[in-house]
Every structure is written in structure tokens, then in C-alpha cells.
Amino acid sequence: MKVAVIGAGAWGSTLVGLAKENGHSVKVWSRQSPHSLEQVIDGANLVVSAISMKGVRSVISQLKSLSLSPDTIFITATKGLDPSGTELNLPRLPSQLWQSAFPTHAVAILSGPNLSKEIQHGLPAASVIASKNLEAAKQVQVVLSSSRFRIYTNSDPLGVELGGALKNVIAIAVGACDGLQLGTNAKAALVTRGLAEMIRIGTYWGAKAETFYGLSGLGDLLATCNSALSRNYQVGYGLAQGKTLEEVLSQLEGTAEGVNTTHVLIRLADQQNISVPISFQVHQLLQREVTPQAAVAALMLRDSKPEV
Ligand SMILES: NC(=O)C1=CN([C@@H]2O[C@H](COP(=O)(O)OP(=O)(O)OC[C@H]3O[C@@H](n4cnc5c(N)ncnc54)[C@H](O)[C@@H]3O)[C@@H](O)[C@H]2O)C=CC1
Ligand SMILES: O=C(CO)COP(=O)(O)O
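All of these numbers come straight from a predicted model, not from anything done at the bench. Residue numbers run consecutively from 1 along every chain, following the written order of its sequence. The order in which chains are written sets their letters, starting at A; the order in which ligands are written sets their numbers, starting at 1. Local features in this predicted model are restricted to residues of pLDDT 70 or higher, and side-chain atom pairs are both shown and tallied only at a pLDDT of 80 or more, whereas totals for entire chains, interfaces and linings draw on every residue. With hydrogens and water set aside, each side-chain value is computed from the structure's full complement of heavy atoms.

S.K.: If you had to explain the overall build of the chain to someone new, which residues and values would you point to?
M.R.: Only runs of H or I of at least four residues qualify as helices and only runs of E of at least two qualify as strands under DSSP, and these elements are numbered from the N terminus. In terms of helices and strands, the chain carries 14 helices and nine strands. To get the radius of gyration, use the C-alpha atoms; to get the globule rule, take the number of residues to the power 0.38 and multiply by 2.2 Å. Taken over C-alpha atoms, the radius of gyration comes to 19 Å for the chain, in line with the 19 Å a tight globule of 308 residues would show. By its C-alpha atoms, the chain is 60 × 40 × 35 Å across when sized along the principal axes. Residues counted as buried form 55% of the 308 residues belonging to the chain. When contacts within the chain are restricted to residue pairs at least 6 apart in sequence, those whose partners lie at least 24 apart make up 68%. For the area figures, the Shrake-Rupley method with a 1.4 Å probe applies, and any residue is considered shielded solely by the protein chains shown. Of the roughly 14,100 Å² of accessible surface on the chain, a fraction of 52% belongs to carbon and sulfur atoms. Residue burial is assigned from relative accessible area. The probe radius is 1.4 Å, only protein chains are included, and a residue is buried under 20% of its type maximum, exposed over 50%, and partly exposed in between. Should any heavy atoms of two residues lie within 4.5 Å, those residues are counted as being in contact.

Here's what the structure looks like:
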């Protein structure tokens, strides 16, 4: 197979390594690349996008002017939300941007508990490939699966993609919880109630609740909330230590998508009156409208309610 990887950051480079190990012919493109985008995608069976959310639109517009085989499958690995709204006032997901630019191509989403550094060190991991086109998902599963990267297919692409994007917001909250040394009980409560928020948003959007209990939901939430390797976790941790967001981001290795995702999510939750109290406190924290300690107090002192 010919695989073109767009984006040579932490995740893109890791995916290049996985595809090469499986014996595929792999070309990679980034803004610094000596090769043109046209050379890199020439003859590609799979085009894997591992760019951060802010770059997706511009890469798509560059790709649109190039010729591709009609069988080329797009795989998006970006975990973010595009702020532009759809006709239903919902933010757009990366796969929706790809699909509307390439309506006749299959688009699949790769998402799961996949901290790139661990995979680069050769540790085993599992992930999910989801698409409306199940045959395309199965093809990608075969191409990228290996003894150290186990891929499951899933037929709820919306739920899979939302899980990867929304868990980043909760990871910021959990990073702050650990930064304040609030203990294991508090962390368990945040992760569990955070998952409830992800499901509330996801089902409003039209995703299946059960998808959020899988690898791309709970699985990724656990990985991201339990690892100092997560950039989103590091953002929350740094804020709890009294650093400003600008300081934290300048010291960060790579992208923390949760910062932008929080803003997009809160706009939707406000418009549609969806209760997301943890995400709301993360938003306030990022805006410096609340201290980490006051955010904890606000969550603990909410009106009493049933769990479900
Ligand atoms: N690092 C990880 O463990 C994982 C990351 N992801 C997701 O993959 C995406 C990329 O993450 P990382 O590789 O970690 O981030 P990174 O910050 O290391 O790399 C981002 C990449 O996007 C490119 N990019 C950004 N803006 C661009 C633009 N305007 N035009 C062209 N290229 C642009 C950068 O040049 C770079 O190649 C994010 O959405 C992230 O949530 C998903 C799974 C695991
Ligand atoms: O998505 C990830 C792991 O699955 C990476 O998380 P961070 O973007 O927070 O580093």
C-alpha cells in the first residue's frame, strides 16, 4: 500500500513508524517538508491527516486542487472541533471537513488511547477506526494493525470522533485536580462525571452513548487523565500551579487541542442549554475568570441532584 501522512508532529511521526513497520511505502508531508504535497500524495491509497485542528482547513484547501485516485481513503487522526457551525448550529468535526471537501471518497476516523511517546517506545496500544463506509474501515484496519497496534472497527464515526475531542477538556480538569493534589477520590469523581458530560453532549449531537464506553471514549479519557505525557493534562496541571495559560502553552511540547475545544464546546452548551459543569469550570479557568480552588468549590457546592 502507498500511504501519505500529512503532518509530521508527534502523532504523524508515530503513524509513519507504524505504517513503515508493516512494510508499506510511506511518504510524509509537513510545512517544512522538502517535498510538495502533490509529490507526497501521488498514487496514495491512504491519506492520513495528523495535523492539529487549526491547520485542517488550509491543508484541505491545498489538497483539493490536486488530483487523487477515486479509491483513495482519507483517515483523520485530529482530535478537535472546528469552530464554524453547521446548518444545525453544531461545530464541525475534522471528518466532516474532509468529507465535504471530498464527497465521493471514503473518510475514516482513527481515535483511541494512543499517547504517541508510548507507541514510539514500542509499547502496545489499541485504537479504533470508524467510518460510515465499513469496507474502508476494514481496509485501514488491515493496513495499520500489528502485534503492537491493535485496531477495532466501529460504525459510529460521530461517537468515536467526539470521544477523542471531548476527553481533552476533561483531561485539563483532571490535570488541575492533580496539580492541586486533591487525591484519588476527587480524580475518580471528575473522570466519571466528565464521562457523563461527554455522553450528554455526544447523544445531543446524535452519537451512540455506548461508543463513549469504548476505547475512543472512556479508554482515551483514562489514558489522557492518567498520564503526565498528555499535553491537555499538562495544561491543567500547570494552571493549578499558578502558571498563566500563555506560560503553560509556551512550555508545551506540541498541541493541546482541549483549549480550543473547550471554547467551542461551551458555546454549543450555552446555546443549547446542555449541562456541562466541569467543562464550564475549565472554560472559566482558561479565561482566568476563576482560580483552580474556586473552580473546585463551585463544582462541590452545586445544587444536589440524582446521579443519573
Ligand atoms: N500526540 C498524540 O499522542 C496524539 C495526538 N493526536 C491528535 O493529532 C493531532 C496532532 O497532534 P500532535 O502530532 O501531537 O501535534 P503536534 O503539535 O506535534 O503536530 C501538529 C502538526 O500539525 C501541523 N500543522 C499545524 N497547523 C498547520 C497548518 N496551518 N498547516 C499545515 N500543518 C499544520 C504541524 O506542522 C505539525 O506537523 C492533534 O489533533 C492531536 O489531538 C491524536 C492521537 C495521539
Ligand atoms: O490523544 C492523546 C492520547 O490518546 C494525546 O493526548 P494529548 O493531546 O493530551 O497529549
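S.K.: Go over the nonpolar core with me, naming the residues and quoting the values.
M.R.: Counting 49 residues, the largest nonpolar core has Leu162, Ile201, Trp205 and Val235 as the members making the most contacts within it. Counting only elements with at least two residues in this core, the list comes to α7 (157-179), α8 (184-205), α9 (215-225), α10 (231-240), α11 (245-251), α12 (258-272) and α13 (277-286). The greatest single-element share of this core, amounting to twelve residues, is contributed by α7. Just so you know, the domain bounds were taken from an automatic or database domain assignment. When residues of this core are assigned to domains, at least three map to each of domain 1 (2-155) and domain 2 (158-300). The contact partners of Trp205, leaving out residues within four places of it in the chain, are Leu81, Leu90, Pro91, Leu93, Leu158, Leu162 and Leu268. Of all hydrophobic cores here, the second largest spans 27 residues; its members include Val16, Ile73, Ala77 and Ala125. Nonpolar cores were defined as sets of buried Ala, Val, Leu, Ile, Met, Phe, Trp, Tyr and Cys residues, with membership established by side-chain atoms within 4.5 Å.

S.K.: Quick rundown of the packing of α8 against α13? Include the residues and the values.
M.R.: At a minimum axis separation of 8 Å, α8 and α13 run at an interaxial angle of 100°. As judged from the angle between their axes, α8 and α13 are roughly perpendicular. Between α8 and α13, the residues in contact are Leu190, Arg193, Gly194, Glu197 and Arg200 and Pro277, Ile278 and Ser279, respectively. Fitting a line to C-alpha atoms yields each axis, with helices limited to the stretch in contact; the angle taken between N-to-C directions then spans 0 to 180 degrees. Reported orientations rely on four angle classes, namely roughly parallel under 35 degrees, roughly antiparallel over 145, roughly perpendicular from 65 to 115, and oblique for the rest.

S.K.: Would you mind going over the pairing of strand β1 (residues 2-6) in detail, with residue names and values included?
M.R.: Counting buried positions along β1 yields four of five residues, so the element is predominantly enclosed. One ladder, built from five bridges, connects β1 with strand β2 (residues 25-29); its direction is parallel. Following the sheet pairing, Ala4 is matched in β2 by Lys27. For the handedness criterion, the strands are oriented away from the viewer, and a crossover whose path from the first strand over the helix to the second runs clockwise is classed as right-handed. The parallel pair β1 and β2, bridged by helix α1 (residues 10-21), forms a crossover whose chirality is right-handed. In the sheet, β1 pairs with strand β3 (residues 46-49) via four bridges, with the strands oriented parallel. Across the sheet, residue Ile6 finds its bridge partner in β3, namely Ser49. For two strands to be treated as a pair, DSSP must find no fewer than two bridges joining them.

Remember, this is a structural readout, not a statement about activity or role.
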